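# Geometric and topological summary
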Amino acid sequence: MEFYCPACETAMCEECTCGEHAEHNTVPLKDVLEQHKASLQEQLDAAKNRLPEIDSALQVLSEILQQLNDQKSSIEDVIHATFEELQRTLNVRKSVLLMELEVNYGLKQKVLRAQLESLLQGQESMHSSCSFTEQALNHGSETEVLLVKKQMSERLDELANQTLPLQPEENSQLDFVVETEGLRKSIHNLGAIITTNAVAAETVATGDGLRHCIIGQPTSVTITTKDRDGGLCRTGNALLAAELFASDGTTVGEGEVTDHKNGTYEFVYTVPCEGRFALSLKLYDQHIKGSPFSIRANKSTDISLTADGDKRRLKSPGSSRVNQRAIKRPASMYSTGKRKENPIEDDLLFRIGTKGRNKGEFTNLQGVAASCAGKILIADSNNQCVQIFTNDGHFKSRFGVRGRTPGQLQRPTGVAVHPNGEIIVADYDNKWVSIFSSDGKYKTKFGSGKLLGPKGVSVDRNGHIIVVDNKACCVFIFQPNGKLVSKFGSRGNGDKQFAGPHFAAVNHNNEIIVTDFHNHSVKVFSPEGEFLLKFGSNGEGNGQFNAPTGVAVDVNGNIIVADWGNSRIQVFDSSGSFLSYINTSADPLYGPQGLALTSDGHVVVADSGNHCFKVYRYLQ
């Protein structure tokens, strides 16, 4: 075997070169051998070079597994300790209640037994004296009767006039009152195992802040976490670290990571001087895609902007304390009401509208309603009309004429659809509620002389119309014919009081859920208006509000709330415990108002500051 046929990739003897390989080019085997050895060595080196990577990956995985085991053990200990402490607390409370029961029982028993003893003694004396006297009268001699008269007359008078405790000096009441429903719900939702499937290799960052910034000015970067399959993570709490380095490796500038609790994070940083910097973004101590990023810091604003680089930072509506980023985007929608698809992965399906007075355009839209017939209705407040769209955003019709006479609209703020198909519109400035047919023909109105500033309207399971009076700070319940059934609420910050209530929704128990704007809370009432519970406080954290507005309830009883000042949408369970956010980061809200669930299970919200409505994916 001294020769090699490249065409057949085989070694052969000299005889074969003249035989079956006669038409092939052949070369000396030793020449080819050196080439093959060199090629194999190169492939061998490439394979061996992967071994350090595999060793490093094995080490990292081993460390992660060890950390996972340690975390599991640690959390198990915390769970056991927490519930043991709760059990101890419950046992202490149980002992206190039993002791209070025993003390109260003893006090009442002592009084009643003393009274019983006194009455028994009086009864015995009375029986004895009466029996003795009756014996003398019936069977005694004249002398014995005279003796008894002398002896018993005074005694009998005393017994007849004796003061006895005939009326009960205590009662038998011993009740135990305990509210367990709220506690049971709280225990049902007590604790949560926080985790995420986010991996650094699939997680991405976006924003102009990955390329350039202006010295001394806050610049933001959005990080979107993804799982191993590239799917968007829907929960927060991932361990994300962000650092800025100068060319010499020293840490520079200031930065803060904000967890939006929906799988996205915002890193806002400021650099003090010009130059090139490296931005390191690590998830669980691993660089995300593209990290570290090279950033150029300039003095002036002569940076070439991208198509959406003209975003401007705005304070959230109504409060300068809120740090959430609310971006008012330039109008980019069709006046015909065509839908714009969302280019970034999040819950947004599409948005409809821009500022204007034509079909599919809005000026300060407020209330939103969704019908079981697949329609979305928008109360277009400053255009004095109601606009109707299909669930997928196609414009259908509009109705409404500006004015202050019946049938006209001056400032429509709330809209609802009655089960009979009629459209109910709250007119804030006209101080009444108008009823229109399903095709927008005026039928009647009610509430004149009673309402001061109706804002939101809803319909309960009995067909009654719920009207939230923003100015009077109360809730009215009307029959469909306009007859007042009841009302509840007053101005204040108590449980059954409101400070500028906005909208209401009704759950499957026919309970009325009201957003209390200036009290930064959501309150739940029975169908009769009795206070049941409230949740929320002023702030930016989970379950906090900066003036809640729109509200809706899903089929599971979960409560969806538009958080006006924080420009977000939060989801709670029926007891008011925070569950999640709807991801609105791709096209941020600016002062959301009315909110509803469409017949196909999506959330539609009036984005008042951006003069459009948006439809979001919602997993019930």
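From a predicted model like this one, the values you see are computed outputs, not experimental measurements. (Residues numbered from 1 in each chain as written. Predicted model: local features only at pLDDT ≥ 70, side-chain atom pairs only at ≥ 80, totals over all residues. Heavy atoms only, no water.)

### Thoughts on the overall build of the protein chain
Helices and strands together make up the secondary structure of the protein chain, namely 4 helices and 41 strands. A buried classification covers 42% of the 620 residues belonging to the protein chain. Considering only residue pairs separated by 6 or more positions, the protein chain has 50% of its internal contacts joining residues 24 or more positions apart. Total accessible area on the protein chain stands at roughly 34,100 Å², and carbon and sulfur atoms take up 51% of it. Each charge class in the protein chain can be summarised by its mean position, and for the 64 positive and 73 negative side chains these summaries are 13 Å apart. (Helix = DSSP H or I, 4+ residues; strand = E, 2+ residues; numbered from the N terminus. Buried < 20%, exposed > 50% of the residue type's maximum accessible area, 1.4 Å probe, protein only. Contact = heavy atoms within 4.5 Å. Areas by Shrake-Rupley, 256 points an atom, 1.4 Å probe, with all protein chains shown as cover. Lys, Arg positive; Asp, Glu negative; His and termini not counted. Charge placed at Lys NZ, Arg CZ, Asp CG, Glu CD.)

### Some points on the environment of histidine 464
With respect to the helices, strands and loops of the structure, histidine 464 is situated in the loop between strand 25 (454–459) and strand 26 (465–469). Sequence-wise, histidine 464 and asparagine 481 are 17 residues apart; in three dimensions their C-alpha atoms are separated by 9.3 Å.

### Some thoughts on a nonpolar patch on the surface
A cluster of nonpolar side chains, contributed by Ile75, Ile79, Phe83, Leu86, Leu183, Ile187, Leu190 and Ile193, occupies part of the molecular surface with about 700 Å² of accessible area. When residues of the nonpolar patch are traced back to their parent elements, those giving at least two are helix 2 (29–139) and helix 4 (181–188). Here the nonpolar patch gets 4 residues from one element, more than from any other, and that element is helix 2. Residue position: leucine 86 is located in helix 2. (Patch = residues over 30% accessible without salt bridge, like charges linked within 9 Å, V, L, I, M, F, W, Y side chains within 5 Å. Salt bridge = Lys/Arg side-chain N within 4 Å of Asp/Glu carboxyl O.)

### Some thoughts on empty space enclosed by the protein
Enumeration over the complete set of coordinates arrives at 1 cavity of 30 Å³ or more. When its volume is computed, the largest cavity comes out at roughly 40 Å³. Taken together, the residues of the lining of the largest cavity sort by class into 5 nonpolar, 3 polar and 1 charged. (1 Å grid on protein atoms, 1.4 Å probe; cavity = no way out; pocket = protein on both sides within 12 Å on 5 of 7 lines; lining within 4 Å. Points joined across faces, edges and corners; volume = space filled by probe spheres on them. Nonpolar A, V, L, I, M, F, W, Y, C, P; charged D, E, K, R; others polar.)

### Points about unusual backbone geometry
Going from serine 291 to proline 292, the amide bond is cis rather than trans, its omega being 0°. Looking at the element boundaries, proline 292 is found in the loop between strand 11 (286–287) and strand 12 (293–298). The phi torsion at asparagine 237 lies on the positive side, around 75°, for a residue other than glycine. Summarising the element assignment, asparagine 237 is placed in the loop between strand 6 (219–224) and strand 7 (240–245). Here asparagine 237 falls in the partly exposed class, since its relative accessible area comes to 35%. If you check the backbone angles, glutamine 384 has positive phi at about 50° while not being a glycine.

### A short note on the packing of aromatic side chains
All chains considered together, the criterion is met by 18 aromatic pairs. Taken together, a centroid distance of 5.8 Å and an interplanar angle of 70° make the contact between phenylalanine 436 and tyrosine 442 edge-to-face. We classify phenylalanine 436 as buried; its relative accessible area is 2%. Judged by centre distance (5.5 Å) and plane angle (45°), the ring pair of phenylalanine 545 and phenylalanine 572 falls under tilted. Remark: phenylalanine 572 occurs in strand 37 (residues 568–572) and phenylalanine 545 occurs in the loop between strand 34 (531–535) and strand 35 (548–553); sequence separation between them is 27 residues. A residue is classified by how much of its surface remains accessible, and phenylalanine 545, at 0% relative accessible area, is buried. Taken together through their ring pairs, the aromatic side chains of Phe535, Phe545, Phe572, Phe578 and Tyr581 make up a single cluster. The side chain of arginine 411 reaches across the aromatic face of tyrosine 428, ending 4.7 Å from its centre. Over the ring of tryptophan 432 we find lysine 445; its NZ or CZ atom is 4.6 Å from the centre of that ring. (Phe/Tyr/Trp six-rings, centres within 6.5 Å; stacked < 30°, edge-to-face > 60°. Lys NZ or Arg CZ within 6 Å of the ring centre and 35° of its normal.)

### Focus on the nonpolar core
Counting 25 residues, the largest nonpolar core has Ile223, Leu279 and Leu281 as its most contacted members. Among the elements of the structure, strand 6, strand 7, strand 9 (264–270), strand 10 (275–283) and strand 12 are those that each provide at least two residues to this core. Sorting elements by how many residues they give to this core places strand 10 first, with 4 residues. With near-sequence residues (within four places) excluded, leucine 279 lies in contact with Leu210, Val221, Glu243, Leu244, Phe267, Ser291, Pro292, Phe293 and Ile295. In terms of nonpolar packing, the next biggest core, distinct from the first, is built from 15 residues, Leu365, Phe389, Val604 and Ala606 among them. (Core = buried A, V, L, I, M, F, W, Y, C linked by side-chain atoms within 4.5 Å.)

### Concerning the pairing of strand 9
With respect to burial, strand 9 is a largely interior element, 6 of its 7 residues being buried. Bridge count between strand 6 and strand 9: 6 bridges; the pairing is antiparallel. Across the sheet, threonine 224 pairs through a bridge with threonine 264, a residue of strand 9. Connecting strand 8 (residues 254–259) to the next strand, strand 9, in antiparallel fashion are 4 residues, including lysine 261 with a positive phi near 65°. (Pairing = 2+ DSSP bridges.)

### Regarding a positive patch on the surface
A surface patch of like charges, here positive, comprises Arg357, Arg402, Arg404, Lys431 and Lys471. Looking at the element boundaries, lysine 431 is found in the loop between strand 22 (423–427) and strand 23 (432–436).

### What to know about the sheet that holds strand 22
Across the sheet, which stays open at both edges, the 4 strands sit in the order 21-22-23-24 with antiparallel pairing between neighbours. The sheet terminates laterally at strand 21 (412–417) and strand 24 (442–446), the two strands that pair on one side only. Strand-to-strand twist of the sheet, defined as the mean angle between neighbouring strand axes without regard to direction, takes the value 20°. Looking at chain direction, strand 23 and strand 24 are connected through 4 bridges and run antiparallel. Across the sheet, the residue bridging to phenylalanine 436 is tyrosine 442, located in strand 24. (Axes fitted to C-alpha atoms, helices over the stretch in contact; angles between N-to-C directions.)

### Brief notes about the packing of helix 2 against helix 3 (residues 142–160)
Packed helices, taken two at a time, are described by their axes: the angle between them and the distance between them. Where helix 2 contacts helix 3, the axes come no closer than 10 Å and their chain directions differ by 155°. Considering their axes alone, helix 2 and helix 3 lie roughly antiparallel with respect to each other. Where helix 2 crosses over helix 3, the handedness of that crossing is left-handed. Residue-level contacts link Ser125, Met126, Ser129, Phe132, Thr133, Ala136 and His139 of helix 2 to Glu144, Val145, Val148, Gln151, Met152, Arg155, Leu156 and Leu159 of helix 3. (Parallel < 35°, antiparallel > 145°, perpendicular 65-115°, else oblique. Left-handed = near helix turned anticlockwise from the far one by under 90°.)

### Concerning the sheet that holds strand 36 (residues 559–563)
Strand-to-strand pairing in sheets goes through backbone hydrogen bonds, with the strands running parallel or antiparallel. Pairing within the open sheet is antiparallel, and its 4 strands lie in the order 35-36-37-38. Where the open sheet ends on each side, the last strands, each with one partner, are strand 35 and strand 38 (578–581). The average undirected angle you get between the axes of adjacent strands in this sheet is 25°. One ladder, built from 4 bridges, connects strand 35 with strand 36; its direction is antiparallel. Bridged to valine 553 within strand 36 is isoleucine 559.

### Some words on the pairing of strand 22
Along strand 22, 5 of the 5 residues are buried, which leaves the element largely enclosed by surrounding structure. Note: strand 21 against strand 22, 5 bridges, orientation antiparallel. Note on strand 22: the bridge partner recorded for proline 412 is aspartate 427. Here strand 21 folds back onto strand 22, and the loop between the two strands holds 5 residues, one of which, glycine 421, carries a positive phi near 95°. As defined by bridge partners, strand 22 adjoins strand 23 across 5 bridges and the pair is classed as antiparallel. Counterpart to isoleucine 423 in the pairing with strand 23 is phenylalanine 436. The antiparallel hairpin formed by strand 22 and strand 23 contains 4 residues in its connecting segment, where lysine 431 sits at a positive phi of about 60°.

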